[in-house]
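# Structure at a glance
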Amino acid sequence: MYYTDEGRDLDFRHDPFKAIVTPRPIGWISAVNAKGEVNLSPYSFFNAISSRPNIVMFSSENKKDAVAFIEETGEFTCSLVTKALDQQMNLTSAPLPRGTSEYAHAGLEMAPSRIVKPPRVAASPAALECKLLSIQQLRDLDGNDVPRWMVIGQVVATYIDETFVHDGRFDTAKANPIARCGYSDYAEVTELFSITRPAGG
């Protein structure tokens, strides 16, 4: 099977793109606007894109509150989504009216950050405090703006629950994070395996 972008809907009930680019980390983004209102929402177009400095990005389909709030204040946090928090994460994706707290809607507690104003999810085992580097509206091959915005931020502080630190490493499997797959599917990390990189790599 082979198809172009124009023909992707011919043989599938849903575009398989998101099922191919998988599993995708979930950035649970918390942001505050200039009025002090807090937004919490999950983004599966999220990843780390640099180390030293540590830089992360997420992309929003349509300019949602998180992007608008970060544009106003220049800060955000990313909390790790775990299997134990999957239902609360899903609740924070609901299209709530502006001013309605996603934290309260999902029964979550906020924890204060050290350097940035947006809080983190208190129950999450790890979170990144970030300052904005850039917000970019995406364009297609024809140079047309598309309603997608990419937010890039530098990590200025990291929170880790010490329960998940062993021998100087964050125990990813014990934290049991989840990732987004295609459709309504998710994956969870429960065990790891190691591959040694070639010398000089």
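The structure this text deals with has already been given above.
Here's what I pulled together on the structure shown here. (Residues numbered from 1 in each chain as written. Predicted model: local features only at pLDDT ≥ 70, side-chain atom pairs only at ≥ 80, totals over all residues. Heavy atoms only, no water.)

Counting through the fold element by element, Arg114 comes out in the loop between strand S7 (110-111) and strand S8 (120-121). Each C-alpha atom of the pair Arg114 and Asn39 lies 18 Å from the other, and the pair is 75 residues apart in sequence. (Helix = DSSP H or I, 4+ residues; strand = E, 2+ residues; numbered from the N terminus.)

To continue, consider the pattern of salt bridges. Evaluation of the coordinates by the stated rule reveals 5 salt bridges. For the salt bridge of Arg98 with Asp65, the shortest nitrogen-to-oxygen distance reads 2.7 Å. On the criterion of sequence distance, the pair formed by Arg98 in the loop between helix H3 (86-91) and helix H4 (102-105) and Asp65 in helix H2 (residues 65-73) is long-range, its members being 33 residues apart. Judged by its relative accessible area of 51%, Arg98 falls in the exposed class. Among the ionic pairs, Asp145 bridges to Arg139, the shortest N-O distance being 3.0 Å. With a relative accessible area of 47%, Asp145 lands in the partly exposed category. (Salt bridge = Lys/Arg side-chain N within 4 Å of Asp/Glu carboxyl O. Buried < 20%, exposed > 50% of the residue type's maximum accessible area, 1.4 Å probe, protein only.)

Okay, the nonpolar core next. In terms of nonpolar packing, the biggest core is built from 16 residues, with Ile29, Val56, Phe58, Ile70, Phe76 and Cys78 touching the most fellow members. For this core, the secondary-structure elements that each account for two or more residues are strand S2 (27-32), strand S5 (55-61), H2, strand S6 (75-79) and strand S10 (145-160). The biggest single contributor to this core is H2, with 4 residues. Contacts of Cys78, omitting those with residues within four sequence positions, involve Trp28, Ile29, Phe46, Val56, Ala126, Ala127, Leu128 and Cys130. Counting 11 residues, the second-largest nonpolar core is a separate cluster that includes Ile26, Met89, Tyr103 and Ala106. (Core = buried A, V, L, I, M, F, W, Y, C linked by side-chain atoms within 4.5 Å. Contact = heavy atoms within 4.5 Å.)

On the basis of which strands lie adjacent, the open sheet formed by 3 strands has the order S1-S13-S14 and antiparallel pairing. The open sheet has two edge strands with one neighbour each: strand S1 (24-25) and strand S14 (186-188). The sheet contact formed by strand S13 (residues 178-180) and S14 spans 3 bridges and is antiparallel. Residue pairing across strands places Ile178 opposite Glu188, the latter belonging to S14. (Pairing = 2+ DSSP bridges.)

With respect to burial, S6 is a largely interior element, 5 of its 5 residues being buried. Where S2 meets S6, 3 bridges bridge the pair, whose relative direction is antiparallel. The residue bridging Trp28 from the neighbouring strand is Ser79, located in S6. Of the strand pairs in this sheet, S6 and strand S9 (residues 126-139) are connected by 5 bridges, and their pairing is antiparallel. Bridging from a neighbouring strand, Thr77 pairs with Glu129 of S9.

What follows concerns the pairing of S2. Within S2, 6 of the 6 residues are buried, leaving the element largely enclosed by the surrounding structure. In terms of strand pairing, S2 meets strand S3 (residues 38-43) through 6 bridges, oriented antiparallel. Residue pairing in the sheet places Val32 in a bridge with Val38 of S3. Counting the residues that bridge the hairpin from S2 to S3 gives 5 residues, and of these Gly36 lies at a positive phi of roughly 95°.

Tracing the sequence through the fold places Leu141 in the loop between S9 and S10. Once the C-alpha coordinates of Leu141 and Asp161 are considered, the two residues, 20 residues apart in sequence, prove to be 44 Å apart.

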